[in-house]
Amino acid sequence: MDDKTIAALRLKSREIRADILRSIAEAGSGHTGGSLGLADLFTALYFHILNHKPGAPSWEDRDRLILSIGHVAPVLYTTLAHAGYFPREELMTLRKLGSRLQGHPGRDHGLPGIELSAGSLGQGLSVAVGMAISAKMDQKAWRVYSVHGDGEMQEGSIWEAAMSAAHYKLDNLVAFIDRNGVQIDGRTSDVMEIEPLDQKWKAFGWKVFVCDGHDHRQISDTVDLAKEVKGKPSVIILKTIMGKGVKSIEGDYRWHGKAPNQEELVRFLDELS
């Protein structure tokens, strides 16, 4: 990845963060911290990594992106809009009655680019496993990517799916873990310790990678390495910061599900890096 591409991705991440803040502030509710923290990953995915066609969202050979942590829907919606799936102006209808952009993604809402109706934590990996098995059975080249929170690692269903993925040797599956160290009630280490996370995934038969979740080059290079793995699924543990880009709220778990008011919005947009 050359420097020009990196610069373009960084700019796009900033634009996406700005629209995340605007849409959540307009809605008056939503999950700000996690959405900001995943902006770099989603930018890298939709503008460099994924094989997809915004003009043909149901294209049979597209890569599948499963957002298991549905509460960070703003980062998915905003990235889809910037990628051309629907007009950016629609972002301002987030969480409004009758909007296609509800608090959690729903395929029945009619928004293009949504692969999973998400909300209940722990379910996305099982869906991703099923899709990856389907691709293998049909001898298709498309790949499956899933995105998970570190607090979600406390769900037993994650580990059932992890065991299945290794059993079926799903080397067409890559799972991302947003390892920001916080969840709705505080630090993950205080709520329920999940470390040593890398060793747990390795013990379940996965190839484990760790990278900076805010470095587009590292994300891209790590995905390239995961694509080379044969006979087992891969997990990429992303070292991230909740609220990334707005210094005054970075790492603050209280912004897990808090929306900025109009005064805070102005300050956050000015502060945005």
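Up top is the structure.
Residue positions are counted from 1 within each chain, in the order its sequence is given. The model is predicted, so local features are restricted to residues of pLDDT at least 70 and side-chain atom pairs to those at 80 or more, both for listing and for counting; the totals for chains, interfaces and linings are taken over all residues. Calculation of side-chain values draws on the structure's entire complement of heavy atoms; hydrogens and water are dropped beforehand.

Side note on the environment of Thr78
Here comes step 1: The numbering of helices and of strands both runs from the N terminus, where a helix is a DSSP run of H or I of at least 4 residues and a strand a run of E of at least 2. Tracing the sequence through the fold places Thr78 in helix α4 (residues 73–83).
Here comes step 2: The spatial distance from the C-alpha of Thr78 to the C-alpha of Ser23 is 8.7 Å, given a sequence separation of 55 residues.
Here comes step 3: Contacts were defined at the residue level, with two residues in contact if any of their heavy atoms lie within 4.5 Å. When neighbours within four sequence positions are excluded, Thr78 is seen to be in contact with Ile16, Asp19, Ile20 and Leu91.
Here comes step 4: Pairs of N or O atoms within 3.5 Å make up the polar contacts considered here, provided that, within protein, one atom can donate a hydrogen while the other can accept it, and that residues adjacent in sequence are counted only when both atoms are side-chain atoms. One polar contact links the side chain of Thr78 to the main-chain carbonyl oxygen of Pro74, over a distance of 2.6 Å.

What to know about the sheet that holds strand β7 (residues 234–239)
Two pairing modes exist for strands in a sheet, parallel and antiparallel, and in both the strands are linked by backbone hydrogen bonds.
Here comes step 1: Any two strands with at least two DSSP bridges between them are considered paired. Spatial strand order, β1-β2-β3-β7-β6: five strands in an open sheet with parallel pairing. Sheet topology places β1 (64–67) and β6 (207–212) at the edges, where each strand pairs with a single neighbour. Strand-to-strand twist in this sheet, taken as the mean axis angle between neighbours without regard to direction, amounts to 20 degrees.
Here comes step 2: The strands touched by helix α3 (residues 39–49) are β1, β2 (144–149), β3 (173–179) and β7; relative to β1, the strand with the most contacts, the crossing angle is about 165 degrees. For every element, the axis is a line fit to its C-alpha atoms; helices are fit only across the contacting stretch, and the angle between N-to-C directions ranges from 0 to 180 degrees.

Comments concerning the environment of Glu264
Here comes step 1: Mapped onto the elements of the fold, Glu264 is located in helix α10 (residues 262–271).
Here comes step 2: Type-normalised accessible area, obtained with a 1.4 Å probe on protein chains alone, sets the label of each residue: buried when under 20%, exposed when over 50%, and partly exposed for intermediate values. Assessed through its relative accessible area of 16%, Glu264 is described here as buried.
Here comes step 3: With 243 residues separating them in the primary sequence, Glu264 and Leu21 have C-alpha atoms 9.7 Å apart.
Here comes step 4: In contact with Glu264, not counting residues within four places along its chain, are Trp255, Lys258 and Ala259.

Some points on the side chain of Asp150
Here comes step 1: With respect to the helices, strands and loops of the structure, Asp150 is situated in the loop between β2 and α6 (156–167).
Here comes step 2: Residue Asp150 is classed as buried on the basis of its relative accessible area of 2%.
Here comes step 3: The residues touching Asp150, leaving out its near neighbours within four places in the chain, are Ile177, Asp178, Arg179, Asn180, Gly181, Val182, Thr188 and Ile194.

Describing the layout of surface pockets
Gaps between atoms show up when a probe of the same size as a water molecule is rolled over them.
Here comes step 1: The space that makes up the largest pocket amounts to roughly 320 Å³.
Here comes step 2: Forming the boundary of the largest pocket are 19 residues, of which His71, Leu121, Gln183, Ile184 and His256 lie nearest the centre.
Here comes step 3: Put simply, Ala, Val, Leu, Ile, Met, Phe, Trp, Tyr, Cys and Pro go in the nonpolar bin, Asp, Glu, Lys and Arg in the charged bin, and everything else, Gly too, in the polar bin. Looking at side-chain class alone, the lining of the largest pocket contains six nonpolar, nine polar and four charged residues.
Here comes step 4: Cavities and pockets are found on a 1 Å grid laid over the protein atoms alone: a cavity is a set of points where a 1.4 Å probe fits but cannot escape, a pocket is an open set with protein on both sides within 12 Å along at least five of seven lines, and a lining residue has an atom within 4 Å of such a point. Grid points are joined across faces, edges and corners, and a volume is the space filled by probe spheres set on the points. The calculated volume of the second largest pocket comes to roughly 210 Å³.
Here comes step 5: Lining the second largest pocket are 13 residues, and of these Arg10, Asp40, His214, Asp215 and His216 lie nearest its centre.
Here comes step 6: Elements supplying a minimum of two residues to the lining of the second largest pocket: α1 (3–27) and α9 (216–227).
Here comes step 7: The element contributing the most residues to the lining of the second largest pocket is α1, with five residues.
Here comes step 8: Counted by class, the lining of the second largest pocket contains one nonpolar, five polar and seven charged residues.

Looking at the environment of Ala7
Here comes step 1: By the secondary structure assignment, Ala7 is in helix α1.
Here comes step 2: A C-alpha to C-alpha distance of 24 Å links Ala7 and Ile249, two positions 242 residues apart in sequence.

Describing the pairing of β6
Here comes step 1: In this sheet, β7 lies alongside β6 in parallel orientation, the contact comprising six bridges. Opposite Cys211, over in β7, you have Leu238 as the bridge partner.
Here comes step 2: Looking down the strands as they point away from the viewer, one classifies a crossover as right-handed if the path from the first strand across the helix to the second runs clockwise. Each parallel crossover has a hand, and the one from β6 via α9 to β7 is right-handed.

Some remarks on unusual backbone geometry
With glycine set apart, most residues show a phi of negative sign, and most peptide bonds adopt trans.
Here comes step 1: That bond from Glu195 to Pro196 is cis: its omega, 0 degrees, falls within 30 degrees of zero.
Here comes step 2: Phi at Arg95 is positive, roughly 65 degrees, even though this residue is not glycine.
Here comes step 3: Relative to the elements of secondary structure, Arg95 occurs in the loop between α4 and α5 (124–137).
Here comes step 4: Arg95 gets classed as partly exposed once you look at its relative accessible area, which sits at 29%.
Here comes step 5: Here Lys169, not a glycine, exhibits a phi torsion of approximately 55 degrees, which is positive.

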